[in-house]
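Each chain is listed here by its residues.
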Amino acid sequence: MKHFTSTKDIADLAALVASAREMKANPFAYEHLGKNKTMVLLFFNPSLRTRLSTEKAANTLGMKVISMNADSGWVIEFEEGAVMNAGSAEHIKEAAPVISQYGDIIGVRTFPTLKDRERDYQEQVIEAFKRYATVPVVSLESATRHPLQSLADVITIEEFKQKERPKVVLSWAPHVRALPQAVPNSFVEWMNIANVDLVVTHPEGYELADAYMGGAKLEYNQEKAFEGADFIYGKNWSSYREYGQILNQDPNWRITQHKLDHWTNQAKFMHCLPVRRNVVVDDAVLDGPNSIVIAQANNRTWAAMAVLREILVELNG
Amino acid sequence: MKHFTSTKDIADLAALVASAREMKANPFAYEHLGKNKTMVLLFFNPSLRTRLSTEKAANTLGMKVISMNADSGWVIEFEEGAVMNAGSAEHIKEAAPVISQYGDIIGVRTFPTLKDRERDYQEQVIEAFKRYATVPVVSLESATRHPLQSLADVITIEEFKQKERPKVVLSWAPHVRALPQAVPNSFVEWMNIANVDLVVTHPEGYELADAYMGGAKLEYNQEKAFEGADFIYGKNWSSYREYGQILNQDPNWRITQHKLDHWTNQAKFMHCLPVRRNVVVDDAVLDGPNSIVIAQANNRTWAAMAVLREILVELNG
Amino acid sequence: MKHFTSTKDIADLAALVASAREMKANPFAYEHLGKNKTMVLLFFNPSLRTRLSTEKAANTLGMKVISMNADSGWVIEFEEGAVMNAGSAEHIKEAAPVISQYGDIIGVRTFPTLKDRERDYQEQVIEAFKRYATVPVVSLESATRHPLQSLADVITIEEFKQKERPKVVLSWAPHVRALPQAVPNSFVEWMNIANVDLVVTHPEGYELADAYMGGAKLEYNQEKAFEGADFIYGKNWSSYREYGQILNQDPNWRITQHKLDHWTNQAKFMHCLPVRRNVVVDDAVLDGPNSIVIAQANNRTWAAMAVLREILVELNG
């Protein structure tokens, strides 16, 4: 793959998952691939899991890693023809090709504004990096997608599924802050190309953008959606329609053990973390046998390794 | 050892000191121990010496290191059953096991509040990491202890002592800010198991907690305490009794060359650094032949190496 | 070389440039030089290019790298005899020798105040590090110089020159913020020992300090200065005379394609980056065939490698 920012960048999901699982069983067999190669990670926003798992993956593949917090001071200009007499100090037309000379792969984390929907959904930052970088660009979560998370989710479902084509439900859940749509958008995109039966459920007003929903089934009634589910993916997001708004915080949408026990097929509970306990999901779920969130977080490393391995193989010709 | 957060975690101090001194003489003989292992360092508070020496130690033992400043934004919840609808974004019950999957050893730096004595002295943060992490946890200074510093102090005294059982005096000294009791607490704990004759001296009101003082001798008169001393360890701390308060800044408690010359057995001067010159201790001491603070800081590396070596040997089975 | 902070530290510029170009052609031949060595990078100010290129250079030479942002909290005292009862927490007399024990080479970035000219031009911070460190100190840009940038500039001119002794023009250009004189000072110093015909041009009031200008030619008329130029180095700086002030932002000084086409010998355009587009220089220049700024940034890596290689060879005896 050239870059890694969405499902559009991958050729064969099953092969990518198989590669991840093979390296999970045998992590240190590919250290030669990254020899004499450097990965630069640029964080325009905070990161814990993504940074640790991606650094570890790159190290395990033999790369050197340089992580930079670019969240203060260094304001990049993206507008063509801008007269840069205000806040921005450097244009992406310099920043991206210059960094491409120090790193063989560039990772970029960039959150949405949640204010300007058009700008966010044009993926201004990550697309500009792809356009002007001369090396592969890997999304560490962008305005509208979190593909390394979604690939880890696919791997996790593959590991835990009890039937060939499990039923997977993405459920909105309440939260106190306005969160991006990146994780649910991306999850739906990846589930739409995986071998699962996907249902999305949320209160009215939280509809995801059509381009991400694709043909996914929508069910406004959480109980109906959960019926026979093998996996419940809990996640809050703010509204796409009334962009970036919290429309409600209805606690009836919280994921409870009761719902798992009575509405689902003893579904496994998934969440990308961090998770607000007893707001998004009850302690009883997270501390009980249905939760696979820790195993899911573990797969972040193997998802990153599968992606970086494929990129390195291409770089090495 | 399983974790490293206090003297309680070690089996044999003399062996640990011997290991440190052996590696100081021959630093690069143990690189195989950390092969394919990652150490994650989490700094909830700033760090200079601890970060540099621990990173260097881990690197020298062949580990990869990922250092993260966790001092802004990422607020961890520690309360069981908390409804997380306020500031905290992630519970330790997720954070610790998740990070344990990316790092083979986790280092944690976490300062006290100096406001809530009970919470600080329960060591809420480091104890929660020990409880929920699935890998060894190393204290990079916690609310009430700084064991890597104290081990370096033991090594330093071992190197510089001129008699089998030297007299060591821990002396309070003035400062302009309210500082934790972690260094003095920890120093006393470690001296209490080392082969030294320890005396603690400070103005009334600065008594350390009983659990840390153990059987250590207390002498309120600095001059009497210094009599015949081979080592003077200068350090400010805020009051434990009137918790976190500065009770006085009496300059008569400053460590001077006159005191070393006239009150002690030409004692060596020690301090954990950073030190406020001409507030805690005079220039004449730090710039004179009695000071061993630079050599002491050097031993931070070998203390960290001894601890990590022992942990790695156990991890490697 | 012992330290690297200005042209005074180097013995043979041509040899240094040749070393850089040799490693650019064959980057991975010197990994043994840095084996078991650590470089500590201290950033008292933000850095992008310098940090990435220096980390990459050190890694490529086989060193471990520890980068620290020292821009908040950790205030160093530089005054001899200071009574440290205010903001500064640690004296350089401890900080530098202590860090020297964790790093085999120390890199330091420290910007000028732009308020206190005497203090800035005494290079208080970098000189104190040189004085009290016990290992080599490398400037990552100091108050009055940016020598790794200047060495990269020399390499770039060497690569792109079409005649034995090209005409090089350093031209002031407008900017919205008050910038240091470090880059132009340093550029002039290095050009003065390189095989070029240097002219400096700027509006009245922007004269560089005599100690840096040396015998360089000054021409207040930009058009006359540009006549026959092979390289135009665009850069803003604030006034040295009226220290740190912006005396004017005259857009007539902006570098345009028209000037390159009509006033110069189709000069190559250079800039240290980041650059404010359409303020310092027009899009047409940066996006056109005259610009070599990306290639120039690339040479940051090889400049750092040449310097570190020479230091490592000396350290290895």
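Residues numbered from 1 in each chain as written. Chains lettered and ligands numbered in written order. Predicted model: local features only at pLDDT ≥ 70, side-chain atom pairs only at ≥ 80, totals over all residues.

## So, the relation of the copies chain A and chain B
- Placing chain A over chain B gives an RMSD of 0.0 Å and needs a rotation angle of 120 degrees, together with 0.0 Å of translation along the axis. In the structure described here, the two chain copies are related by an operation that fits a three-fold rotation axis. (Least-squares fit on C-alpha atoms with pLDDT ≥ 70 in both.)

## Some thoughts on the domain arrangement of chain A
Residues and elements named next belong to chain A.
- Taken domain by domain, chain A comprises domain 1 (7–145 + 300–315) and domain 2 (149–297).
- A straight line from the C-alpha centre of domain 1 to that of domain 2 covers 26 Å.
- Between domain 1 and domain 2, the contact holds 22 residues from the first and 21 residues from the second.
- Those elements giving two or more residues to the side of domain 1 that touches domain 2 turn out to be α1 (13–25), α4 (117–121) and α12 (293–315).
- Examining the composition of the side of domain 1 that touches domain 2, we find that 5 residues originate from one element, α1, more than from any other. (Domains from an automatic or database assignment. Contact = placed C-beta atoms within 7 Å. Helix = DSSP H or I, 4+ residues; strand = E, 2+ residues; numbered from the N terminus.)

## Observations regarding the pairing of strand β2 (residues 64–69) of chain C
- Two elements, strand β1 (residues 38–43) of chain C and β2(C), share 6 bridges in a ladder whose sense is parallel. Considered in β2(C), the bridge of L42(C) is made with M68(C). (Pairing = 2+ DSSP bridges.)

## Brief notes about the interface of chain C and chain A
- Facing the 23 residues of chain C at the interface are 21 residues of chain A.
- Those elements that provide at least two residues to the side of chain C that touches chain A are α2 (49–60) and α12 (293–315) of chain C.
- Broken down by element, the side of chain C that touches chain A gets its largest block of residues, 6 residues, from α2(C).

## Things to note about the interface of chain A and chain B
- With 23 residues of chain A at the interface, the matching set in chain B holds 21 residues.
- Elements represented by at least two residues in the side of chain A that touches chain B include exactly α2 (49–60) and α12 of chain A.
- Here the side of chain A that touches chain B takes 6 residues from α2(A), the largest share from any one element.

## Some thoughts on the environment of V138(A)
Residues and elements named next belong to chain A.
- For V138, the location among the structural elements is in strand β6 (residues 137–139).
- Spatially, the C-alpha atoms of V138 and I311 are 9.6 Å apart, while their sequence positions differ by 173 residues.
- Beyond its immediate stretch of four places on either side in the chain, V138 contacts F4, I105, G107 and V307.

## Overview of unusual backbone geometry
- Cis geometry marks the peptide bond from L273(B) to P274(B); its omega dihedral reads -5 degrees.
- Of note, P274(B) is situated in the loop between β11 (268–270) and α11 (283–286).
- The phi dihedral of N36(A) falls on the positive side, at around 65 degrees, and the residue is not glycine.
- Turning to its location among the elements, N36(A) is positioned in the loop between α1 and β1 (38–43).
- Exposure remark for N36(A): the 13 C-beta atoms within 10 Å place this residue in the partly exposed category.
- The phi angle at E141(A) is positive, at roughly 105 degrees, despite the residue not being glycine.
- Tracing the backbone through its elements, the reader meets E141(A) in the loop between β6 and α6 (147–160). (Buried ≥ 20, exposed ≤ 12 C-beta atoms within 10 Å, placed from the backbone.)

## Overview of the packing of helix α12 (residues 293–315) of chain B against helix α3 (residues 92–102) of chain C
- At a minimum axis separation of 9 Å, α12(B) and α3(C) run at an interaxial angle of 35 degrees. Crossing angle aside, the handedness with which α12(B) passes α3(C) is right-handed. Where α12(B) approaches α3(C), its residues V293(B), I294(B), A297(B), N298(B) and T301(B) are matched on the opposing element by E94(C), P97(C), V98(C), Q101(C) and Y102(C).
- Of the residues that constitute the contact of α12(B) with α3(C), the class distribution is 6 nonpolar, 3 polar and 1 charged. (Axes fitted to C-alpha atoms, helices over the stretch in contact; angles between N-to-C directions. Left-handed = near helix turned anticlockwise from the far one by under 90°. Nonpolar A, V, L, I, M, F, W, Y, C, P; charged D, E, K, R; others polar.)

## Section: α1(A)
Residues and elements named next belong to chain A.
- Taking 1.5 Å per residue, 13 residues should reach 18 Å; α1 reaches 19 Å between its end C-alpha atoms and fits that length.
- Among all positions in α1, only L16, V17, S19, A20 and M23 are buried. The buried residues of α1 occupy an angular sector of 155 degrees when projected down its axis, which confines them to one face. Facing away from the buried side of α1, by more than 90 degrees, are the exposed residues A14, A15 and A25.
- Summarising the contacts, the buried residues of α1 are in contact with α6 and α12. (Expected span 1.5 Å × (residues − 1). Arc of directions from axis to C-beta.)

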